[in-house]
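Residue-level structure breakdown
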Amino acid sequence: MDVLIHVFVALHIIGIASLLGGFLTQMKAMGAGTARFVPAMLHGALTMLVTGVALVGLREADGGHVNNIKIGVKLLILVVILGLVYIKRDEEKVDKGAFAAVGGLTLANIFIATLWV
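The notes below deal with the structure included here. (Residues numbered from 1 in each chain as written. Predicted model: local features only at pLDDT ≥ 70, side-chain atom pairs only at ≥ 80, totals over all residues. Heavy atoms only, no water.)

A word on the overall build of the chain. On a plain count of helices and strands, the chain comes out with five helices and zero strands. Secondary structure elements in the chain, listed N-terminal to C-terminal, are α-α-α-α-α. Expressed as a percentage of the 117 residues in the chain, the buried residues total 32%. Across the chain, the fraction of contacts at a sequence separation of at least 24, relative to all contacts at a separation of at least 6, is 80%. Here the chain holds 9 positive side-chain charges and 7 negative ones, and the gap between their average locations is 9 Å. (Helix = DSSP H or I, 4+ residues; strand = E, 2+ residues; numbered from the N terminus. Buried < 20%, exposed > 50% of the residue type's maximum accessible area, 1.4 Å probe, protein only. Contact = heavy atoms within 4.5 Å. Lys, Arg positive; Asp, Glu negative; His and termini not counted. Charge placed at Lys NZ, Arg CZ, Asp CG, Glu CD.)

Here the focus is the nonpolar core. Inside soluble globular proteins, nonpolar side chains tend to come together where they are buried. Counting 22 residues, the largest nonpolar core has Leu-19, Phe-37, Met-41, Ile-81, Val-85, Phe-99 and Val-102 as its most contacted members. Ranked by residue count, the leading element in this core is helix 4 (residues 68-87), at five residues. Filtering out sequence-adjacent residues up to four positions away, Phe-37 remains in contact with Leu-84, Val-85, Lys-88, Arg-89, Val-94, Ala-98, Phe-99 and Val-102. (Core = buried A, V, L, I, M, F, W, Y, C linked by side-chain atoms within 4.5 Å.)

Attention shifts here to the pattern of salt bridges. For the structure on display, the rule yields one salt bridge. Residue Glu-91 is joined to Lys-88 by a salt bridge in which the shortest nitrogen-to-oxygen separation is 3.9 Å. Judged by relative accessible area, which is 32%, Glu-91 ranks as partly exposed. Owing to a relative accessible area of 21%, Lys-88 belongs among the partly exposed residues under this scheme. (Salt bridge = Lys/Arg side-chain N within 4 Å of Asp/Glu carboxyl O.)

Moving on: the environment of Leu-107. Tracing the backbone through its elements, the reader meets Leu-107 in helix 5 (residues 96-115). You can call Leu-107 partly exposed: its relative accessible area is 37%. Sequence spacing of Leu-107 and Ala-32 is 75 residues, and the spatial spacing of their C-alpha atoms is 22 Å.

Next up on the list: the environment of Ala-17. Looking at the element boundaries, Ala-17 is found in helix 1 (residues 2-25). In this structure the C-alpha to C-alpha distance between Ala-17 and Val-73, which are 56 residues apart in sequence, comes to 20 Å.

For the pair helix 1 and helix 5, the least separation of the axes is 10 Å and the interaxial angle reads 145 degrees. Crossing hand, helix 1 versus helix 5: left-handed. The residues of helix 5 that touch helix 1, namely those facing Ile-16, Leu-19, Leu-20 and Phe-23, are Phe-99, Ala-100, Val-102, Gly-103, Thr-106, Leu-107 and Ile-110. (Axes fitted to C-alpha atoms, helices over the stretch in contact; angles between N-to-C directions. Left-handed = near helix turned anticlockwise from the far one by under 90°.)

Pasting the structure below:
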């Protein structure tokens, strides 16, 4: 079971890397007002959602303790990110506020995952 959990953790990290990487590649365009949500951001967020749900299930099945409040906060943030990226994914350019919100919420999710014990 530990190997399976580690595989899903690795996939979860790949998802966050895709979401954050897509955001960082558009930072220069955000300054020019031409930033857009790239497909990697949507795919990364969806990967995070699927692997995160799987990780909670695997942890519970393995008899481990899950901090439900922390998971709920992370899930809420991810749903907001997914909503913003999904709704505006086809627009040629996204306003700076929405784009910055996705980046800020992504960073918040990372810090919650690593610092909230």
